[in-house]
Amino acid sequence: MTSNDPAAAQPTTLRVGSATSHGKTILIGEHAVVYGVPALVLPVTDVRVTATATPLAPDAGHALESSVHTGPLDTAPAAVLPTVTAVTATLRHLAETGTPQAADARFHVRVDSQVPTARGMGSSAAVAAAVTAAVADALGVQLDDETHHVLIQECERIAHGRPSGLDARGVVADAPVWFEEGRIGPVAVTGAFTFVVADTGVPGHTREAVAAVRARHDRAPEEVDAVVDRIGALARRARATLVDGDAQGLGATMDSAHELLAALDVSSDDLDRLVGAARSADALGAKLTGGGRGGCVLALATDGGHATRIAAALREAGATATWTTRIGDRA
């Protein structure tokens, strides 16, 4: 944990720091969450980001090694500015809160990410989560949850402007998260639920989709508010199905959510095709997940074997990648 205790100001020997995070997906609540409606977020723990921070000489400059940029941090392109912020914001915070060595520390930061970008899986937040924690670890500091969240959000503001905080919470959670008006809460899960995430291969257009829904809300507020309220009701129903262990009920809720998101015009032919393929493979339910107009779909399977069959059907229908994630009892 970070600390303001003067004892924390004792000299620290720099070490190689490391940290991991993972992807996330939205079970129910995308778009509606912008209007204060709750959302259910699932961790996708099989899709990970690993960051390492290796100390450099004090007179060296920070360096980054990633799939987007390898070289000095101060010459990094705008695309990795959130990652640059993850390094500089963490060092600034530590220097101000009892770790003065952070002011002069220099690092070679390596990022290895399996989380695809622009797919609604929280790529930028996952990278920020891993990098901030790795830099802190290199200075012998474990960030407390709220400090970690604040630092991730600082990076997310660079990436997305006005992030809700949903991604920042989801990429560090190891269980489903209930997200409502910026606050999170635990979700009790009875039994086991197995999901397949499938990538259309088409980048999502979250900003465009959010702006389109906002414009539609400006034109017809009562119509959009009614859809948003129904999505909120589905989120609450989905939470109840997890508590009750009702996979059939959750699947039906997912199907209903997809139809409402399609009514908001944030689906696409690619998403609808994969949703249809999942249902043809007897998925209990399937829907788009994330901002839409590209990105990923989420399907609910009965078990691991069924998830394998659904994944195969999705790839045959054009999915470029699939992942499986499980919540609840794993025995």
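Treat the numbers as computed from the prediction; the structure is a model and nothing was measured.

Reading guide: rules and limits
Each chain has its residues counted from 1, running along the sequence as written. Totals for whole chains, interfaces and linings use every residue, but because this is a predicted model, local features are given only for residues with pLDDT of at least 70 and side-chain atom pairs only at 80 or more, for both listing and counting. Values shown for side chains rest on all heavy atoms present in the structure; no hydrogens or waters enter the calculation. Note on conventions: DSSP H or I runs of at least 4 residues are helices, E runs of at least 2 residues are strands, and numbering of each starts at the N terminus. By this rule the span expected of a helix is its residue count minus one, scaled by 1.5 Å. When a residue's accessible area, from a 1.4 Å probe over protein chains only, is under 20% of the maximum for its type it is buried; when over 50% it is exposed; and in between it is partly exposed. It is the directions from the helix axis to the C-beta atoms whose arc is reported. Only heavy atoms enter the contact rule, under which two residues are in contact if any of them lie within 4.5 Å. In this scheme, strands are said to pair when DSSP sees at least two bridges between them. Only C-alpha atoms enter the line fits that serve as axes; for helices the fit covers just the stretch in contact. Angles between N-to-C directions range over 0 to 180 degrees. Pairing of N or O atoms within 3.5 Å defines a polar contact, subject to two protein rules: one partner must be a possible hydrogen donor and the other a possible acceptor, and residues neighboring in sequence count only if both atoms are side-chain atoms. Two rings from Phe, Tyr or Trp (for Trp, the six-membered ring) form a pair when their centres sit within 6.5 Å of each other. Planes less than 30 degrees apart are called stacked, planes more than 60 degrees apart edge-to-face, and all others tilted. Either the NZ atom of lysine or the CZ atom of arginine qualifies as a charge over a ring when it sits within 6 Å of the ring centre and within 35 degrees of the ring normal. Only buried residues count toward a nonpolar core, which is a set of Ala, Val, Leu, Ile, Met, Phe, Trp, Tyr and Cys residues joined through side-chain atoms within 4.5 Å.

A.B. asks: Please set out helix H5 (residues 206–219) residue by residue, giving values where relevant.
C.D. replies: Relative to the 20 Å expected for 14 residues at 1.5 Å per residue, H5 spans 20 Å between its end C-alpha atoms, a close match to the ideal helical length. Those residues of H5 not exposed but buried are Ala209, Val213 and His217. Take H5 and look down its axis: the buried residues cluster within an arc of 80°, on one side only. Facing away from the buried side of H5 by over 90 degrees, the exposed positions are Arg207, Asp218 and Arg219. Summarising the contacts, the buried residues of H5 are in contact with helix H6 (221–244).

A.B. asks: Can you break down the environment of Met121 residue by residue, with the values?
C.D. replies: With respect to the helices, strands and loops of the structure, Met121 is situated in the loop between strand E5 (106–113) and helix H2 (123–138). For Met121 and Ala301, which are 180 residues apart along the polypeptide, the C-alpha to C-alpha distance reads 19 Å. For Met121, the residues in contact, after removing those within four places along its chain, are Gly23, Lys24, Val44, Val47, Val115, Pro116, Val197, Cys296 and Trp323.

A.B. asks: Any chance you could break down the pairing of strand E8 (residues 192–199) for me, citing the residues and the numbers?
C.D. replies: Regular strands show a simple pattern: their side chains alternate between the two faces of the sheet. In terms of burial, E8 is a largely internal element, seven of the eight residues being buried. Looking at chain direction, E8 and strand E11 (residues 321–328) are connected through eight bridges and run antiparallel. Counted as the bridge partner of Ala192 is Gly328 from E11. Note that E8 and strand E10 (residues 296–301) share six bridges and pair antiparallel. The residue bridging Ala198 from the neighbouring strand is Val297, located in E10.

A.B. asks: Residue-level account of the sheet that holds E11, with values.
C.D. replies: The four strands lie next to each other as E9-E10-E8-E11, forming an open sheet whose pairing is antiparallel. Each having just a single partner strand, strand E9 (285–289) and E11 make up the two edges of the open sheet. With strand direction ignored, the average angle separating the axes of adjacent strands in the sheet is 25°. The strands touched by helix H9 (residues 304–316) within the sheet are E8, E10 and E11, with E8 carrying the most contacts at an inclination of about 15°.

A.B. asks: Explain the environment of Arg106 residue by residue, including any values.
C.D. replies: Looking at the secondary structure, you find Arg106 in strand E5. The partly exposed category is assigned to Arg106, whose relative accessible area is 23%. In this structure the C-alpha to C-alpha distance between Arg106 and Thr88, which are 18 residues apart in sequence, comes to 10.0 Å. Beyond its immediate chain neighbours, meaning those up to four positions away, Arg106 contacts Thr54, Pro55, Leu56, Ala57, Pro58, Ala60, Gly61 and His62. Within polar-contact distance, the side chain of Arg106 engages the backbone oxygen of Ala60 at 3.5 Å.

A.B. asks: Explain the packing of aromatic side chains residue by residue, including any values.
C.D. replies: Under the definition given, this model contains zero aromatic pairs. Just above the ring of Trp178 sits the side chain of Arg239; from NZ or CZ to the centre is 4.5 Å.

A.B. asks: Break down the nonpolar core for me, with residues and values.
C.D. replies: In terms of nonpolar packing, the biggest core is built from 95 residues, with Leu27, Phe195 and Leu314 touching the most fellow members. Per-element tally for this core: the top contributor is H2, with eleven residues. Residues within four places of Leu27 in sequence aside, it is in contact with Leu40, Leu42, Phe195, Leu242, Leu250, Met254, Lys287 and Leu298. Membership of the second largest hydrophobic core comes to eight residues, among which are Ile26, Val41, Leu166 and Phe179.

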